[in-house]
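Read off the chains here:
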Amino acid sequence: MTKSLHSASRPVTAAFDRGPAKYFHGRKQILDDFNKVAGRAIRTKSGTTFLIQGAPGAGKTALMYECEKLARNSGWKVFRMPARALWDSDKLRRTLGLGNIPQVTGGTVEISAGPFARGGVTVEKASGAPLDILRNGKHPLLLKMDEAQTLETTNAPPPEHAGTVTDVLNAIHNGEIDRPVILIAAGLGTTVDTFRSLGISRFSLECLVELGSLDKQATRAVIHDWLKKEARAKGDPTVWIDAIAQETHGWPQHILSYVEPALGRLQTDDGNMTAEGLNVVLNAGRTFRSEYYEQRAHDFSRIQRHSLAKLIKEVPSGGSLDLEDIISSLTQEYGKPKAEMLFRRALHRGILHRRRGTYAIPIPSMHNWLVTNYSHIQIKSPQVSEFGMER
């Protein structure tokens, strides 16, 4: 007797839906571009900012990890860069493994070795400025910053340190640290605007990645590895790969939504890929996929979801809208201030994604989910009395 899939735990998402991808395929051009940028930084003793932006679940963190592996293989030292380290010298020193040292104003400082010691220990002056800390060394540095869009929100620098952050970011971006330093940052589709607000006005084409879905070949390769290498499926997996690939639209997070139940089902069926097992996997994957959309739309009420669904109802899946049309439509229902607030929230939650100056639902199945579930619901208008008050 087979075991119900829904009774199984979900170990893969809990451990692997953020961070390195266990089976990574595709993104070759992006990795080639990063390798070229890193090589040029070594040759010229300079650096820049390499920005990866995309909707939640596009695989930004996994891609950043692959870039990190390339850098380590070429002799780069890699550190996770907290936002605070851009202006807090102590935080930056700890980030780089340098520890805290005495702050002095010039020359040398004598540190007593104890009350009974003769003399002391003399150390060189250490500047507390973040830029000086970054310049104090020769090894190439790769500084990783995930969720970089928060530099404009929850991790925004205090006003008194905004100038320092701009100076540090510009020095890295323009290769002015006097050593190879690359800041590789990943974030939502608004991240490039965040950097612009902090003084970084232009990215070279090879250093700004608009991350979308995997291509068909990479999608199939990832699913194949999970089925054959991880689940040790028996026989030809083509039918299962075809069915799963069709429903994931190449979206890395969705691939996990389907391969998780596949692992459990194949374990139950001793590696045999049956038609019944595939149906169970597909149904479970659709459920997990819908859960993902619910998480993205968590901050939106049913009425607000209805408004977004109406907005895209006549737009083909994968199509896009202009900013002006979005704001105009939402303004009719909520007024301009709230319409702009809802638009920004949709961007930050990954429901909308900017693409070449227009805005779209980033995943076709998410577009369909929103339209199917919310475009036709009946919204009752509040009754208004003759005195203009709601009853």
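No experiment lies behind these values; they were computed from the predicted model shown.

1. Side note on the overall build of the chain
Argument step 1. A count of helical and extended segments in the chain gives 15 helices and nine strands.
Argument step 2. Partitioning the contacts of the chain with sequence separation of at least 6, the portion at a separation of at least 24 is 76%.
Argument step 3. Of the roughly 20,300 Å² of accessible surface on the chain, 49% is carried by carbon and sulfur atoms.

2. Thoughts on the confidence of the model for the chain
Regions with low pLDDT should not have their predicted coordinates read in detail.
Argument step 1. On average, residues of the chain score 86 in pLDDT, and 85% of them reach the 70 mark or higher.
Argument step 2. Least confident of the elements in the chain is strand β4 (residues 120–124), whose mean pLDDT is 37; most confident is strand β5 (residues 141–145), at 98.
Argument step 3. For the stretch residues 1–16, pLDDT sits under 50, and the model shows 23 contacts to residues farther than four places along the chain or on other chains.
Argument step 4. pLDDT under 50 marks residues 104–126. Its contacts with residues more than four places away, or in other chains, come to 26 contacts.

3. Considering the packing of helix α8 (residues 216–230) against helix α10 (residues 252–268)
Argument step 1. Contact geometry for α8 and α10: axes closest at 10 Å, N-to-C directions at 20°. Classified by the interaxial angle, the pair formed by α8 and α10 is roughly parallel. As α8 packs across α10, the resulting crossing turns out to be right-handed. Within the contact between the two elements, α8 uses Thr219, Val222, Ile223, Trp226, Leu227 and Glu230 and α10 uses Ile255, Leu256, Val259, Ala262, Leu263 and Leu266.
Argument step 2. Tallied by class, the residues present in the contact of α8 with α10 amount to 10 nonpolar, one polar and one charged.

4. Things to note about the packing of helix α13 (residues 323–334) against helix α14 (residues 336–348)
Argument step 1. Orientation of α13 relative to α14, taken along the N-to-C sense of each, is 125°, at an axis distance of 8 Å. Between α13 and α14, the crossing angle belongs to the class labelled oblique. Taken as a pair, α13 and α14 cross one another with a handedness that is right-handed. On α14, the residues that touch Leu323, Ile326, Ile327, Leu330, Thr331 and Tyr334 of α13 are Lys336, Lys338, Ala339, Glu340, Leu342 and Phe343.
Argument step 2. Partitioned by chemical class, the residues of the contact of α13 with α14 number eight nonpolar, one polar and three charged.

5. Concerning helix α15 (residues 364–374)
Argument step 1. Within α15, burial applies to Ser365, Met366, His367, Trp369, Leu370, Val371 and Tyr374.
Argument step 2. Buried residues along α15 sit in contact with α10, α11 (275–296) and α12 (302–312).

6. Concerning the packing of aromatic side chains
Argument step 1. Evaluated as defined, the whole model comprises seven aromatic pairs.
Argument step 2. With centroids separated by 5.3 Å and ring planes inclined at 80°, the aromatic side chains of Phe34 and Phe50 adopt a geometry described as edge-to-face. On the criterion of sequence distance, the pair formed by Phe34 in helix α2 (residues 28–44) and Phe50 in strand β1 (residues 47–53) is long-range, its members being 16 residues apart. Pair check on accessibility: Phe34 and Phe50 agree, each one buried.
Argument step 3. One aromatic cluster in this structure is built from Tyr292, Tyr293, Trp369 and Tyr374.
Argument step 4. One cation-aromatic arrangement involves Arg345 over Phe300; the distance from NZ or CZ to the ring centre is 5.4 Å.

7. Digging into the nonpolar core
Argument step 1. Grouped together as the largest cluster of nonpolar side chains are 54 residues, with contacts concentrated most on Phe34, Phe50, Ile52 and Ile182.
Argument step 2. The biggest single contributor to this core is α2, with six residues.
Argument step 3. Those residues within four positions of Phe34 in sequence are excluded, and the remaining contacts are Phe50, Cys67, Leu70, Ala71, Leu142, Ile182 and Ile184.
Argument step 4. Counting 31 residues, the second-largest nonpolar core is a separate cluster that includes Phe79, Met81, Leu131 and Leu169.

8. Topic: the sheet that holds strand β2 (residues 77–80)
Argument step 1. Reading across the sheet, the five strands line up as β2-β5-β6-β1-β7 and stay open at both edges, with parallel pairing between neighbours. In the strand order of this sheet, the two ends are held by β2 and β7 (208–210), each with one partner. Averaged over all pairs of adjacent strands, the angle between strand axes in this sheet comes to 15°, irrespective of strand direction.
Argument step 2. Relative to strand β6 (residues 181–187), β1 is paired through seven bridges, and the arrangement is parallel. Across the sheet, residue Thr49 finds its bridge partner in β6, namely Leu183.
Argument step 3. Of the strands in this sheet, β1, β5 and β6 are in contact with helix α6 (residues 162–173), which crosses β1 at around 100°.

Definitions and cut-offs
- Sequence order as written defines the numbering, with residues in each chain counted from 1.
- Given that this is a predicted model, residues contribute local features only at a pLDDT of at least 70 and side-chain atom pairs are listed and counted only at 80 or more, while totals for whole chains, interfaces and linings are drawn from all residues.
- The side-chain figures draw on all heavy atoms in the structure; neither hydrogens nor water molecules are used.
- In this text, helices come from DSSP runs of H or I with a minimum length of four residues, and strands from runs of E with a minimum of two, each type numbered from the N-terminal end.
- Here, residues are in contact when the closest pair of their heavy atoms is within 4.5 Å.
- Only the protein chains shown count as cover for residues, with accessible areas throughout obtained via the Shrake-Rupley method and a probe of 1.4 Å.
- What pLDDT expresses is the predictor's confidence in each residue, scored from 0 to 100.
- In this description, a line fitted to the C-alpha atoms serves as the axis of each element, helices being fitted only across the stretch in contact, and the angle between N-to-C directions of two axes falls anywhere from 0 to 180 degrees.
- Oblique is the label for any angle not under 35 degrees, not over 145, and not in the 65 to 115 range, which are roughly parallel, roughly antiparallel and roughly perpendicular in turn.
- Put simply, a crossing is left-handed when the front helix is turned counterclockwise from the back one by less than a right angle, and right-handed when it is turned clockwise.
- Basically, the charged four are Asp, Glu, Lys and Arg, the nonpolar ten are Ala, Val, Leu, Ile, Met, Phe, Trp, Tyr, Cys and Pro, and anything else, Gly included, counts as polar.
- Relative accessibility decides the category of a residue: with a 1.4 Å probe and only protein chains considered, values under 20% of the type maximum give buried, values over 50% give exposed, and everything between is partly exposed.
- In this scheme Phe, Tyr and Trp rings, the latter by its six-membered ring, pair at centre separations within 6.5 Å, and the angle between planes marks the pair as stacked below 30 degrees, edge-to-face above 60, and tilted otherwise.
- We call a charge positioned above a ring when the Lys NZ or Arg CZ atom is no farther than 6 Å from the ring centre and deviates by at most 35 degrees from the ring normal.
- We call a set of buried Ala, Val, Leu, Ile, Met, Phe, Trp, Tyr and Cys residues a nonpolar core when their side-chain atoms join them within 4.5 Å.
- Strand pairing is assigned whenever DSSP detects at least two bridges linking the two strands.

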